[in-house]
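These are the residues of each chain, in order.
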Amino acid sequence: MNSDEFRKHGHQLVDWIADYMDGVKDYPVRAQVKPGEVRAQLPASAPEHGEPFDCMMQDFQQIIMPGITHWQHPRFFAYFPANVTPPSILAEMLVNALGVNGMLWETSPAATELEEQMINWLKGMLVLPRAWSGVIQDTASSATFCAVLAARERATGWQSNETGLGDAPKLAYYTSAEAHSSLEKAVKMAGLGKAAVRLVPVDTDHAMQPKALADMMAADRAAGIIPAMVMATVGSTSVGAVDPLQAIGIIARANEAYFHVDAAWAGSAMICPEFRPMLNGIEGADSFVFNPHKWMGVQFDCSAHFVSDHDTLVRTLTILPAYLETREGSDVTNYRDWGIQLGRRMRALKLWFTVRFYGVDGLRAVIRNHVAWAEKLAQIIRSEPDFEIVTGPNLSLLTFRFTPKGLDDAALDILSDKLLEGINDDGYTYLTRTLVAGRPVIRFQIGQSKCSEADVLAAWARVVKLARAL
Ligand SMILES: Cc1ncc(COP(=O)(O)O)c(C=O)c1O
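Quick notes on the rules
- Residues numbered from 1 in each chain as written.
- Predicted model: local features only at pLDDT ≥ 70, side-chain atom pairs only at ≥ 80, totals over all residues.
- Helix = DSSP H or I, 4+ residues; strand = E, 2+ residues; numbered from the N terminus.
- Contact = placed C-beta atoms within 7 Å.
- Axes fitted to C-alpha atoms, helices over the stretch in contact; angles between N-to-C directions.
- Parallel < 35°, antiparallel > 145°, perpendicular 65-115°, else oblique.
- Left-handed = near helix turned anticlockwise from the far one by under 90°.
- Nonpolar A, V, L, I, M, F, W, Y, C, P; charged D, E, K, R; others polar.
- Domains from an automatic or database assignment.
- Buried ≥ 20, exposed ≤ 12 C-beta atoms within 10 Å, placed from the backbone.
- Pairing = 2+ DSSP bridges.
- Right-handed = clockwise from strand over helix to strand, strands pointing away.
- Core = buried A, V, L, I, M, F, W, Y, C linked by C-beta atoms within 7 Å.
- Expected span 1.5 Å × (residues − 1).

Mapped onto the fold, Arg433 is located in strand 10 (residues 432-436). A sequence separation of 383 residues divides Arg433 from Gly50, and the C-alpha atoms of the two residues are 44 Å apart. Non-local contacts of Arg433, meaning those with residues more than four positions away in its chain, are made with Asp417, Leu420, Pro440, Ile442 and Arg443.

In structure tokens:
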């Protein structure tokens, strides 16, 4: 494709994207295709000869678009959002054109130095300790995996990287029963076995109980097992619970355990001073991760991973073959040593464009609206005779249940799942499920940057209509 053809198709694509942004609300939120339907329309093998770009666009429209779930739909209230804002898309276009691999300072000094400065901006925005440093990872799961590895190395006196885990003492990793599954996955990947994970009981607000944590650590110590790491959560996936960081940090330190904090979703809200108390105690953490790609309008993927002492992380992950040595050596940051993979995308540009375009105040306004609408929705649900709020709202996340009279718990549970299927098959809005105290509930998570109060109310009206027709 020469540059004239690129220009022509590129202009068409920008028009397509702008139309999509305006028209996304007219699609069903969740893809309505059946399993295998998309693949069945694709040729079984690659074309021997090149094809015109227009044919690809036609197939994109006809085959791919029906199989897309529209995360940018204003009535997407599922999971947590993965927001895309126009300045972030434009930044990604530039990054795609540059095709930079920022593995070393030398392989693009601007990629590294912009990333360092964006980490500093985020520290200021979230009021994190100034001495911390950080890196932009792809996802929170990767940051947590790095934390698990750093904790393993620290707890084994840096021996497991050298000689493996054969003779190493047994390690234990603690998190709440509400925490994200990425901890268990990371522990498995680190070769520690999932039996090393301890799920600490939670209180009635679904937050980790510090006393139970201390007791579990003491029991492990007595059995000769080393408490290697505690992961606390600010904004749990199911219900948005917030663990008490201050108390947990004290216990972690007393046991010389690495203290990692996962605020993948809720972290963005910490730019609002009124929510920042949820992070009280963060200064005692060894590492902290949150995803600007969830609630700060920055294109997926963008996960900010902060560390209080980067030597621990770098010492855990460093490796320096001759072909990666550079003249600057350790006088500069070489982000290859801060994460799992060697090659790394330039993720800082979309953060830079987004924060500059909206300003911190603009980003705060979006989050405050979502939280306010969740409160308003909660008031409405409370006034419905046949619905109940089960948790929250915690920031902009609540869970609810349909509770028509005369049905026992088992029947209500079946009804809840049936209602959710009906909501998502309908396509007007998209909600997801979780379990609270072992029973199914429906999550309503307000976080889409295109969403308005009217969208929230319209989605709720549709839920009520579908429920009462069951
Ligand atoms: C609290 C929490 N931690 C971690 C994750 C994993 O995020 P990622 O997809 O960035 O790995 C999620 C995902 O929603 C989450 O809610």
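So, about the packing of helix 5 (residues 109-126) against helix 13 (residues 348-383). When two helices pack together, their arrangement is given by the angle between the helix axes and the distance between those axes. At a minimum axis separation of 9 Å, helix 5 and helix 13 run at an interaxial angle of 40 degrees. Put simply, helix 5 runs oblique to helix 13. Helix 5 and helix 13 meet at a crossing whose hand is left-handed. Listed contacts from helix 13 to Ala111, Leu114, Glu115, Met118, Trp121 and Met125 of helix 5 are Ala348, Leu349, Leu351, Trp352, Val355 and Val360. A class-by-class count of the residues in the contact of helix 5 with helix 13 yields eleven nonpolar, no polar and one charged.

Glancing now at the domain arrangement of the chain. As far as domains go, the chain holds domain 1 (1-30 + 69-85 + 360-470) and domain 2 (100-345). A straight line from the C-alpha centre of domain 1 to that of domain 2 covers 29 Å. Counting residues at the interface gives 21 residues for domain 1, matched by 21 residues for domain 2. Elements with a contribution of two residues or more to the side of domain 1 that touches domain 2: helix 13, strand 8 (387-394), strand 9 (397-402) and strand 10. No other element matches the five residues that helix 13 contributes to the side of domain 1 that touches domain 2. Here the side of domain 1 that touches domain 2 is composed, by residue class, of ten nonpolar, nine polar and two charged.

On to unusual backbone geometry, then. At the junction of Phe300 and Asp301, the peptide bond is cis and its omega measures out at 5 degrees in the coordinates. Relative to the helices and strands, Asp301 is located in the loop between helix 11 (292-295) and strand 7 (303-307). Residue Pro393 is bonded to the preceding Gly392 through a cis peptide linkage, with omega at 5 degrees. Looking at the secondary structure, you find Pro393 in strand 8. Positive phi, normally seen in glycine, also occurs at Val127, with a value near 55 degrees. Structurally, Val127 is set in the loop between helix 5 and strand 1 (133-137). Exposure remark for Val127: the 14 C-beta atoms within 10 Å place this residue in the partly exposed category.

Right, let's talk about the pairing of strand 3 (residues 197-200) for a bit. Of the two faces of strand 3, the one holding Arg198 and Val200 is buried and the one holding Val197 and Leu199 is not buried anywhere. Where strand 2 (residues 171-176) and strand 3 come together, four bridges link them in parallel fashion. In the sheet register, Tyr173 faces strand 3, and the bridge partner there is Val197. Chirality of the crossover, the property in question, places the unit of strand 2, helix 8 (residues 182-189) and strand 3 among those that are right-handed.

Overall, antiparallel pairing links the four strands, which are arranged 8-9-11-10 in an open sheet. Lying at the two open borders of the sheet, with one neighbouring strand each, are strand 8 and strand 10. Ignoring which end each strand starts from, the neighbouring axes of this sheet average 35 degrees apart. The sheet contacts of helix 13 involve strand 8, strand 9 and strand 11 (439-445), and relative to strand 8 the element is tilted by about 160 degrees.

A word on the packing of helix 6 (residues 140-155) against helix 8. Packing of helix 6 against helix 8 brings their axes to within 9 Å, and their N-to-C directions diverge by 50 degrees. By the angle between their axes, helix 6 is oblique relative to helix 8. For helix 6 against helix 8, the interelement crossing comes out right-handed. Facing helix 6, whose interface residues are Ala140, Ser141, Thr144, Phe145 and Val148, helix 8 presents Ser182, Leu183, Lys185, Ala186, Val187 and Met189.

Strand order in the open sheet formed by seven strands is 1-7-6-5-4-2-3, with mixed pairing between adjacent strands. Each edge of the open sheet carries a strand with a single partner, namely strand 1 and strand 3. Direction aside, neighbouring strands of the sheet carry axes that sit 20 degrees apart on average. As paired strands, strand 4 (residues 226-233) and strand 5 (residues 258-262) are joined by five bridges and run parallel to one another. Within the sheet, the bridge partner assigned to Met231 lies in strand 5 and is His260. The strands touched by helix 10 (residues 245-254) within the sheet are strand 4 and strand 5, with strand 4 carrying the most contacts at an inclination of about 170 degrees.

This brings us to the nonpolar core. By size, the foremost hydrophobic cluster in this structure holds 120 residues, and its most contacted members are Val148, Tyr173, Ala228, Met229 and Val230. In terms of residue count, the dominant contributor to this core is helix 13 (twelve residues). Each of two domains, domain 1 (1-30 + 69-85 + 360-470) and domain 2 (100-345), supplies a minimum of three residues to this core. In this structure, Met229 is in contact with Ala147, Val148, Ala151, Tyr173, Ala257, Tyr258 and His260, ignoring residues within four places of it in sequence.

In this section: helix 6. Compared with the 22 Å implied by 1.5 Å per residue over 16 residues, the 22 Å span of helix 6 between its first and last C-alpha is a close match. At the C-terminal side of helix 6, Gly157 shows a positive phi close to 60 degrees.

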